[in-house]
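# Close look at the chain arrangement
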Amino acid sequence: MKILEKYFSYFTGAMSTLEEIEIKNIDHLGIVAGIIDSIGLVEIVNSLVGEDISEKISSGHVVKAMILNGLGFASAPLYMFSKFFENRACEHLIGEGVKPEYLNDDKLGRTMDKLFNQGLSNVFLAISLNAVKIFDISLLFEHLDSSSFHLHGEYNKKDLGVNKSEIESTEPEEIKITYGYSRDHRPDLKQFIIDLICSGDGDIPIFFKTASGNEVDSASFGKILVDFKKQIEVDSLMVADSALYTATNLKLLSDIKWLSRVPLSLAEAKRLVSSINDSELVKSQTNGYSYVVKECNYADIQQRWLIVQSEARKKSDLRQLEKRIQKSEISAISQLKKLQREQFNCCEDAMKAASKLSNKFKYHNLDNIHIHEKTLSSKTENQKIFYQIEASLSKNEAAISNSIQSAGRFVLATNILDENILSNSEMISEYKAQQSCERGFGFLKDPLFFADSVFLKTPKRIEALGMIMALCLLVYTLAQRQIRAALSSSKSTVKNQLGKPTERPTLRWIFQCFQSIHLVFLNNDKQISNLTEDRKYILNFLPIECYQYYQY
């Protein structure tokens, strides 16, 4: 009996101890929180939008929480926001006294409104420039691009309860949620646009702006760069795609150094890519590329043009060209058969139809065209004379030759005429780095990201969410750049997904390495669990603010 009492006492004591254990997840979010702290984001936001001592949580801490949610990769939509933090170390990651229930829909909405009223581009620029200073990011080369983000909902002004008389004149103008050219291939949905300028050093977003869903890049890029240059005085080269290359934009950029792709819709560009012989090409220092230099004048601006040929792209273009020619031939044969069945009232009509069809073909011609007069007789009707076409199909060798010659080629232009300032090879390598913005938009549109399908009540809150998305990208790219730079400078490596050493890991892989790290509360004591030596090793390459979230 005494033995049973002893075991019963031990069991009830163990149960009592278990009740005093609380486990909260930290995972990779300590890295995210540490990067946010290192750039002073909370303090900057609070200084710009102000603090109210009656509030349980400041706007800066709400923004920090939203970034943690966005980079949590849990696909938790905003209406599940407070739930996201229920099993996470909320106070530990965000700030002392911050509880999940404080992060409700109403608080998020009011914070978004404050950010919008302050000017979202201004708030973002203040944070990004502080990050540039702290992480010593080079701004010698910067890249501009845009992308569309689709939304579910009508977003009519009358549905939003917008009363212009109630809107203060000092409040920024809202964007229009409307239809436009969809990069997401969802023309059935309304959308908005995000414009980004990213540094060539680490793909760090420096400038952010939202725009209406029907904004046209060619009509906005010049003004964006001019506005950006007014706010940041750095002698940098601005790189953009062909949307920048319009006469209006280039005239706006008279005091700005730029590099742009030239659209092949320009006759001179189209002529050059198809007329230059391979023997004229000079091999570039950028592997796999060759070029020819031409001086051009467009929009009364003297420029250096580079007709560039990419070997890899040429092979791809030639494969695609062969497929297009085959597809075109099948279509041409079908259309010719249809034309030959038609009956025309006169020879002239038949010849016009044949000429019209021949001009329609890009890679083929109609040859040996003959018009035959035929008679249709009927017992009940008089004889009827009509005309039919007979023709053969041949390849348009000149058009095909031009396409072969143009394969893999594109034209770059810059207003920097001195090759000692910007070499021809640097023009190619910097334009290739234009992918920095594209990678950023790819990150924001990842299905794991919390804004994959945006649905908020008002355009201004959608704009504010756009800025939060850009801040997530800022934090992500800063952390990735930092760990890669630290590994490179110390000649160290970490293991990648295949267990092989690398000095350029993706931050997403680093995040995966930090899964199942917990903050454990045991008898009023706090401990970090599962912080292995491998994880401590990785933390050595990140700012000290990151390490602090993994120690007690």
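Details of the structure are given in the entry above.
This structure is a prediction, so every number in the text was calculated from the model and none was measured.

### Some words on the overall build of the protein
Summing up its helical and strand segments, the protein has 20 helices and 16 strands in all. Across the 552 residues in the protein, those meeting the buried criterion constitute 50%. A separation of at least 24 residues holds for 68% of the contacts in the protein among residues at least 6 apart in sequence. Looking at the protein as shown, the accessible area adds up to about 28500 Å², and 49% of this sits on carbon and sulfur atoms.

### Regarding the sheet that holds strand β7 (residues 282-283)
As summarised here, the arrangement of the nine strands in space is β4-β3-β2-β5-β6-β12-β9-β8-β7, forming an open sheet in which the pairing is mixed. In the strand order of this sheet, the two ends are held by β4 (205-212) and β7, each with one partner. Bridge count for strand β8 (residues 289-298) against strand β9 (residues 301-310) is 10 bridges, and the pairing is antiparallel. In the sheet register, Tyr289 faces β9, and the bridge partner there is Ser310. This element, helix α11 (residues 267-275), spans β6 (257-262), β8, β9 and β12 (409-414) of the sheet and lies at about 40° to β9.

### Let's talk about the packing of aromatic side chains
Under the counting rule described, the total for this entry stands at 13 aromatic pairs. On the numbers, 6.0 Å between centres and 85° between planes, the contact of Tyr476 with Phe511 is edge-to-face. A residue pair is termed long-range when its members are at least 10 positions apart, and Tyr476 in helix α17 (residues 459-489) and Phe511 in helix α18 (residues 507-513) qualify at 35 residues. A centroid spacing of 5.1 Å and a plane angle of 80° characterise the contact between Tyr537 and Phe541, whose relative ring orientation is edge-to-face. Judged by its relative accessible area of 9%, Phe541 falls in the buried class. In this structure an aromatic cluster arises from ring pairing among Tyr245, Trp258, Tyr298 and Trp305. Lying across the ring of Phe84, Arg88 places its NZ or CZ 3.9 Å from the centre.

### Concerning the nonpolar core
Nonpolar side chains in soluble globular proteins generally cluster together in the buried interior. Ile67 and Leu471 are the most contacted members of the largest nonpolar core, which has 127 residues in total. Of all the elements, α17 adds the most residues to this core, at 18 residues. When neighbours within four sequence positions are excluded, Leu471 is seen to be in contact with Leu41, Val63, Ile67, Phe124 and Ile127. One finds Tyr289, Leu306, Phe410 and Met427 within the second-largest nonpolar core, a separate group that totals 14 residues.

### Some remarks on the sheet that holds strand β15 (residues 518-522)
Strand order across the open sheet formed by three strands is β1-β15-β16, with antiparallel pairing between neighbours. Each having just a single partner strand, β1 (21-25) and β16 (525-529) make up the two edges of the open sheet. Neighbouring strand axes in the sheet, compared pairwise and without regard to direction, differ in orientation by 25° on average. Looking at chain direction, β1 and β15 are connected through five bridges and run antiparallel. Paired with Asn25 across the bridge in β15 is His518.

### Looking at the environment of Ala299
Topologically, Ala299 is positioned in the loop between β8 and β9. Classification of Ala299 by relative accessible area gives buried; the value is 17%. The sequence separation of Ala299 and Leu250 amounts to 49 residues, and the corresponding C-alpha distance is 7.3 Å. In this view, Ala299 contacts Ala247 and Lys251; residues no more than four positions away in its chain are not counted.

### With respect to the environment of His143
Position of His143 relative to the elements: it lies in strand β2 (residues 141-150). Judged by its relative accessible area of 0%, His143 is buried. Apart from the residues lying within four places of it in its own chain, the contact partners of His143 are Leu196, Ile197, Cys198, Ser199, Gly200, Val239, Glu430, Ala433, Gln434, Ser436 and Cys437. Side chain to side chain, His143 and Gln434 meet in a polar contact 3.1 Å long.

### Notes on the packing of helix α12 (residues 311-341) against helix α13 (residues 347-360)
Relative to each other, α12 and α13 sit at 175°, their axes nearing to 11 Å. Judged by the inter-axis angle, α12 sits roughly antiparallel to α13. Counting all contacts with α12, which are made through Gln335, Leu336 and Leu339, the residues of α13 involved are Ala353, Ala354, Leu357 and Lys360.

### Regarding the packing of helix α7 (residues 105-118) against helix α8 (residues 120-135)
The interhelical angle for the contact between α7 and α8, taken along N-to-C directions, is 90°, at an axis separation of 5 Å. Considering their axes alone, α7 and α8 lie roughly perpendicular with respect to each other. Together, Leu115, Phe116 and Gln118 of α7 and Leu120, Asn122 and Val123 of α8 make up the contact between the two elements. In terms of residue class, the contact of α7 with α8 is built from four nonpolar, two polar and no charged.

Reading guide: rules and limits
Residues numbered from 1 in each chain as written. Predicted model: local features only at pLDDT ≥ 70, side-chain atom pairs only at ≥ 80, totals over all residues. Heavy atoms only, no water. Helix = DSSP H or I, 4+ residues; strand = E, 2+ residues; numbered from the N terminus. Buried < 20%, exposed > 50% of the residue type's maximum accessible area, 1.4 Å probe, protein only. Contact = heavy atoms within 4.5 Å. Areas by Shrake-Rupley, 256 points an atom, 1.4 Å probe, with all protein chains shown as cover. Pairing = 2+ DSSP bridges. Axes fitted to C-alpha atoms, helices over the stretch in contact; angles between N-to-C directions. Phe/Tyr/Trp six-rings, centres within 6.5 Å; stacked < 30°, edge-to-face > 60°. Lys NZ or Arg CZ within 6 Å of the ring centre and 35° of its normal. Core = buried A, V, L, I, M, F, W, Y, C linked by side-chain atoms within 4.5 Å. Polar contact = N/O pair within 3.5 Å; in protein donor to acceptor, adjacent residues only side chain to side chain. Parallel < 35°, antiparallel > 145°, perpendicular 65-115°, else oblique. Nonpolar A, V, L, I, M, F, W, Y, C, P; charged D, E, K, R; others polar.

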